[in-house]
Amino acid sequence: MEEIRDCKGRLACKGNAATGFVEAMYKGQKTRATLSIGDKFTIEREGVVTDVIRVSATAFKVESHACAA
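All of these numbers come straight from a predicted model, not from anything done at the bench.

**Quick word on unusual backbone geometry**
Next up, step 1: Although it is not a glycine, Lys 27 adopts a positive phi angle of roughly 50°.
Next up, step 2: Considering the arrangement of structural elements, one finds Lys 27 in the loop between β3 (21-26) and β4 (29-34).
Next up, step 3: One non-glycine residue with positive phi stands out, namely Glu 46, at about 50°.
Next up, step 4: As for its placement among the helices and strands, Glu 46 is situated in the loop between β5 (40-45) and β6 (48-54).
Next up, step 5: Residue Glu 46 is classed as exposed on the basis of its relative accessible area, which comes to 54%.

In structure tokens, the structure reads:
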């Protein structure tokens, strides 16, 4: 599983593009999902929104930005 980081360099989640499996862990809570190609997984944490999009069987696209205050 590859590490997926947000725009501040923090670990947002881990994922496997071949299977589409993504897992986020925060404060002891795990959230898991299996993405089809084209599906999106969104993580919002401490003022940062990170979208993980499965673009193919070999890659995720990551879009991350800080929320407006």
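**A word on the nonpolar core**
Next up, step 1: With 12 residues, the main nonpolar core is built from Ile 4, Ala 12, Cys 13, Ala 17, Val 22, Ala 24, Ala 33, Leu 35, Phe 41, Ile 43, Val 52 and Phe 60.
Next up, step 2: Those elements that place two or more of their residues in this core are β2 (11-16), β3 and β5.
Next up, step 3: Ala 17 has contacts with Arg 54, Ser 56, Ala 57, Thr 58, Ala 59 and Phe 60, leaving out every residue within four places of it along the chain.

**A word on the pattern of salt bridges**
Next up, step 1: According to the stated counting rule, one finds 5 salt bridges in the structure shown.
Next up, step 2: We note a salt bridge from Arg 10 to Glu 46, for which the minimum N-O separation is 2.8 Å. Here the residue Arg 10 occupies a position in the loop between β1 (2-5) and β2, and Glu 46 occupies one in the loop between β5 and β6, the gap between them amounting to 36 residues.
Next up, step 3: Here the residues in one salt-bridge network are Asp 6, Arg 10 and Glu 46, joined through shared partners.

**Things to note about the side chain of Arg 45**
Next up, step 1: Assignment of secondary structure puts Arg 45 in strand β5.
Next up, step 2: A distance of 3.5 Å separates the side chain of Arg 45 from the backbone oxygen of Leu 11, its partner in a polar contact.

**Some words on the environment of Ile 43**
Next up, step 1: Within the secondary structure, Ile 43 sits in strand β5.
Next up, step 2: Assessed through its relative accessible area of 8%, Ile 43 is described here as buried.
Next up, step 3: Between the alpha carbons of Ile 43 and Lys 14 there is a distance of 12 Å; along the sequence they are 29 residues apart.

Rules of the game
- Residues numbered from 1 in each chain as written.
- Predicted model: local features only at pLDDT ≥ 70, side-chain atom pairs only at ≥ 80, totals over all residues.
- Heavy atoms only, no water.
- Helix = DSSP H or I, 4+ residues; strand = E, 2+ residues; numbered from the N terminus.
- Buried < 20%, exposed > 50% of the residue type's maximum accessible area, 1.4 Å probe, protein only.
- Core = buried A, V, L, I, M, F, W, Y, C linked by side-chain atoms within 4.5 Å.
- Contact = heavy atoms within 4.5 Å.
- Salt bridge = Lys/Arg side-chain N within 4 Å of Asp/Glu carboxyl O.
- Polar contact = N/O pair within 3.5 Å; in protein donor to acceptor, adjacent residues only side chain to side chain.

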